[in-house]
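Architecture at a glance
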Amino acid sequence: MTQESAWEEIKIMSFNAENEYKSIPKEKFNFVNKGARLTDTTLQTKPTGYFKDAMSRFVKNKGSVVCFVIIVLLILYALLAPIFSPYTVSSRDSFYAYAAPRNNLFAKTGFWDGTRKMEISRATYEYLSAIPGAIKKFYGTKDHLVANRPVTYYYVKVDSYEKVGWVKLLLSKEEYDEARAWESKEGVKLFYPVIDSSKIKNSAYANDMNAWFLTDDRGIPQKNAAGELQNIFLKDASSQDGYAYYQTRMNGNQYECRILYKEWYRYKNGRYASFLFGAETSGYDIFTRLAYGARLSLVLSICVAAINLFLGVVIGALEGYYGGRFDLIFERIKDILYDVPEMLIFALFQLYLATKVGPIPSMFFAFIFYGWIGTSSTVRAQFYRFKGQDYVNASRTLGAKDSRLIFRHILPNAVGFIITASVLSIPSVIFSEANLTYLGIVNLEGDKITSVGTMLNAARSTLQSYPHCIFFPAAFISILLICFNEFGNGLRDAFNPSLRGAEND
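A brief report on the enclosed structure follows. (Residues numbered from 1 in each chain as written. Predicted model: local features only at pLDDT ≥ 70, side-chain atom pairs only at ≥ 80, totals over all residues. Heavy atoms only, no water.)

**Concerning the overall build of the protein chain**
Condition: Numbering of helices and strands starts at the N terminus; helices are DSSP runs of H or I of at least 4 residues and strands are runs of E of at least 2. Summary of the burial criterion: residues with accessible area below 20% of their type's maximum are buried, those above 50% are exposed, and those between are partly exposed, where the area comes from a 1.4 Å probe applied to protein chains only. Here, two residues are considered to be in contact whenever any of their heavy atoms come within 4.5 Å of each other. Computed with a 1.4 Å probe, the accessible areas rest on the Shrake-Rupley method; for each residue, only the protein chains presented here act as cover.
Within the protein chain, the secondary structure is distributed over 16 helices and 7 strands. When burial is assessed residue by residue, the protein chain has 41% of its 505 residues classed as buried. Of all intrachain contacts in the protein chain linking residues separated by at least 6 positions in sequence, the fraction that spans at least 24 positions is 69%. With an accessible surface of roughly 29400 Å², the protein chain has 58% of that area assigned to carbon and sulfur atoms.

Shown next as structure tokens:
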């Protein structure tokens, strides 16, 4: 198309548009904003603040949000578990030491039912078979060479609650009569014939109330012609069945009895024993003790983080704002504290301060002794970064005081770094506390108090034989630390987008 033909086409189009315009009646034309003053319209959306903007970025980090939810659940467990648990932190039953985890809802499923698969010798198999309900399932036998001769081992599933069987208890006459009355009322059997100790041939069974059958010197049961165990109960011609059910001591004021402990526990507590996470080496309920240990770790770490935050912000702000000699002195103090080994500080505090104020306050002061240094260094760096900005100089020119410049203009710009540093210090305190109690530098073992590290220390010798004793404390501390670190990284990315992924550099 040539230039002349293009102009001709444009003229035709303009002519057609003009004729079309003239064909529209005047009544359809209206003036817009006639006589009104036109101005910019008001914004309909609310402004986005710093924290709102940071939170909008944080919720997009799905991993950090999930970790935050897990942290909340762990905190709720620490707070609520002791309330709903039938046990207390001081509840201890040595007869149920090392009892396996059991949930009554899974009692008949073969899972989480308080049983353990074991490989045992013949003598042990015969011993457990004599206890009602101790062996839940028999899988078979297998021969192993021991000292070049075959030895048969039995593969069974053992109930760690039922295998307690019978125990020896010393009761007063009043306690005995009350227990006998309850026995008759409930229709259960508490008391069983006592064992004639003179017929025990294996010294290992000297005080074992479950070894009620005749054995040889090796502990192998000596059965009768019918293949039945032969009891060694103490005779008493005055009883109905000819067996003695107690032996008197202290001129008849104390009764030595052989009692089925499963029913005795129900008699004393109104329920059968059942530990959700199992029982540990001393017979404490792991579920309850772990919750108390978690409380201690969380409360200690949050309090330490709050105090270190306050001290770090104050000292770091003064260092960064004023600088000069004040900054130089505190930097040298921090250099000295950094060079002192952490373990040495805790050991000295435990040796000289714990005897006066207790192990927990001593550990608390040790954490504060050097814990503020990291926060103060972060705040100091932020003040050096922002105090020379134009808006700060403008406020200073207009007569703003130092306190206003610090708290209204500089510190709010460093709040993201401060929050991130504070949150990340919490898992650091928890990990240090667990290390100190695990290594025995701080001893928190007792009936009224415990910690996660103390529970790990007590269970380390049972890792192979009773792994549940160490599994639950280890799982709790691991999950808590991982979630806190991921949560802190999410906050760092939200408040300081420019530092996203800095831990990977």
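**Looking at helix α7 (residues 286-322)**
For clarity, the threshold we go by: Working rule for helices: expected span equals 1.5 Å times residues minus one.
Across its 37 residues, α7 extends 53 Å between first and last C-alpha, which sits within 8% of the 54 Å expected from 1.5 Å per residue. Of the residues flanking the end of α7, it is G323, one or two places downstream, whose phi is positive at about 60 degrees.

**Looking at the pattern of salt bridges**
Side chains carrying opposite charge are able to pair once their charged atoms draw close together. Filter applied, for reference: Salt bridges are defined by distance alone: a side-chain nitrogen of Lys or Arg within 4 Å of a carboxyl oxygen of Asp or Glu.
Scanning all chains against the criterion turns up 13 salt bridges. Members of the salt-bridge network, linked through shared partners, are E319, D327, E331, K334 and R380.

**Remarks on the sheet that holds strand β1 (residues 115-120)**
Quick note on the threshold: Strand pairing is assigned whenever DSSP identifies at least 2 bridges connecting the two strands. Simply put, an axis is a line fit to the C-alpha atoms, just over the touching stretch for a helix, and the angle between two N-to-C directions goes from 0 to 180 degrees.
A sheet is described by the order of its strands in space; here 3 strands give the open sequence β1-β3-β2, paired in antiparallel fashion. Across the chains shown, the open sheet's two edge strands, defined by having one partner strand only, are β1 and β2 (135-146). Averaged over all pairs of adjacent strands, the angle between strand axes in this sheet comes to 15 degrees, irrespective of strand direction. Alignment of β2 against strand β3 (residues 149-159), held across 10 bridges, turns out to be antiparallel. Bridging from a neighbouring strand, T141 pairs with Y154 of β3. Packed on one face of the sheet, helix α4 (residues 122-129) meets β1, β2 and β3 and runs near 30 degrees to β3.

**Overview of the packing of helix α8 (residues 324-339) against helix α11 (residues 359-386)**
As a reminder, the rule being used: An angle below 35 degrees is treated as roughly parallel, one above 145 as roughly antiparallel, one from 65 to 115 as roughly perpendicular, and anything else as oblique. Here a crossing is taken to be left-handed if its near helix is turned anticlockwise relative to the far helix by less than a right angle, and right-handed if that turn runs clockwise. Nonpolar residues are Ala, Val, Leu, Ile, Met, Phe, Trp, Tyr, Cys and Pro. Charged residues are Asp, Glu, Lys and Arg, and all others, Gly as well, are polar.
Look at α8 against α11: their axes get within 10 Å of each other, and the N-to-C directions meet at 140 degrees. Relative to α11, α8 is oriented oblique. The two elements α8 and α11 meet at a crossing, and its hand is left-handed. Contacts between α8 and α11 pair D327, F330, E331, K334, L337 and Y338 from the former with F369, W372, I373, G374, S376, S377, R380 and Y384 from the latter. For the contact of α8 with α11, the residue count by class is 7 nonpolar, 3 polar and 4 charged.

**Some words on the environment of S422**
When you line up the elements, S422 lands in helix α14 (residues 415-439). A residue is classified by how much of its surface remains accessible, and S422, at 12% relative accessible area, is buried. For S422 and W372, which are 50 residues apart along the polypeptide, the C-alpha to C-alpha distance reads 9.9 Å. Not counting chain neighbours up to four residues away, the residues in contact with S422 comprise A305 and L309.

**Here's the deal with the state of the cysteines**
We apply this condition: We call a pair of cysteine sulfur atoms a disulfide whenever their separation is within 2.5 Å.
In total, this model carries 0 disulfides according to the counting rule given. Just so you know, C67 is unpaired, no disulfide at all, and the nearest cysteine sulfur is the one on C483, 4.1 Å from it. In this structure C483 comes out as buried when scored by relative accessible area, which is 5%.

**Let's talk about unusual backbone geometry**
Its identity is not glycine, yet Y98 carries a phi of approximately 70 degrees, on the positive side. Within the secondary structure, Y98 sits in the loop between α3 (62-84) and β1. Non-glycine residue M250 carries a positive phi angle of around 50 degrees. You can see M250 is positioned in the loop between β6 (246-249) and β7 (254-260). Of the residues examined, M250 reaches a relative accessible area of 58% and is grouped as exposed.

**Notes on the pairing of β7**
Along β7, 6 of the 7 residues are buried, which leaves the element largely enclosed by surrounding structure. Pairing analysis gives 7 bridges linking strand β4 (residues 166-172) to β7, with the strands arranged antiparallel. Bridging from a neighbouring strand, L171 pairs with Y255 of β7. As defined by bridge partners, strand β5 (residues 191-192) adjoins β7 across 2 bridges and the pair is classed as antiparallel. Counterpart to F191 in the pairing with β7 is I259.

**Digging into a nonpolar patch on the surface**
Short version of the rule: For patch detection, residues must exceed 30% relative accessible area and be free of salt bridges, and they are connected within 9 Å for like charges or within 5 Å for nonpolar side chains (Val, Leu, Ile, Met, Phe, Trp, Tyr).
Judged by side-chain polarity, F68, V69, V72, L73, L76, L79, L80, I83 and F84 come together as a nonpolar surface patch covering roughly 840 Å² of accessible area. Relative to the assigned elements, V69 resides in helix α3. Look at V69 and you get partly exposed, because its relative accessible area is 42%.

**Regarding the side chain of S297**
On the secondary structure map, S297 appears in helix α7. Overall, S297 belongs to the buried group, its relative accessible area being 2%. Ignoring sequence-local partners within four residues, the contact set of S297 consists of I430, E433 and V452.

**Side note on the nonpolar core**
As a reminder, the rule being used: We call a set of buried residues a nonpolar core when its members are Ala, Val, Leu, Ile, Met, Phe, Trp, Tyr or Cys and they connect through side-chain atoms within 4.5 Å of each other.
Within the largest apolar cluster, 38 residues are counted, with the highest numbers of intra-cluster contacts made by Y77, F277, L290, I430, F476, L480 and F484. The set of elements that each furnish at least two residues to this core consists of α2 (50-58), α3, α7, α14, α15 (452-459) and α16 (468-495). Per-element tally for this core: the top contributor is α16, with 13 residues. Those residues in contact with Y77 that sit more than four places away from it in its chain are P82, F277, I286, F287, L290, A291 and F476. Listed in part, the 25 residues of the second largest apolar core include Y96, Y245, Y261 and A279.

**Side note on the layout of surface pockets**
Test applied: Only protein atoms enter the 1 Å grid, on which a cavity is a set of points fitting a 1.4 Å probe that cannot get out and a pocket is an open set with protein on both sides within 12 Å along at least 5 of 7 lines, lining residues being those with an atom within 4 Å of a point. Grid points are joined across faces, edges and corners, and a volume is the space filled by probe spheres set on the points.
Approximately 460 Å³ is the volume attributed to the largest pocket. The wall of the largest pocket is formed by 22 residues, among which Y370, G371, G374, S425 and S428 lie closest to the centre. If you list the elements that add at least two residues to the lining of the largest pocket, you get α7, α8, α9 (342-352), α11 and α14. Per-class residue counts for the lining of the largest pocket are 12 nonpolar, 9 polar and 1 charged. Considering only enclosed or pocket space, the second largest pocket measures out at about 400 Å³ in volume.

Bear in mind that shape data such as this cannot, by itself, settle questions of function.
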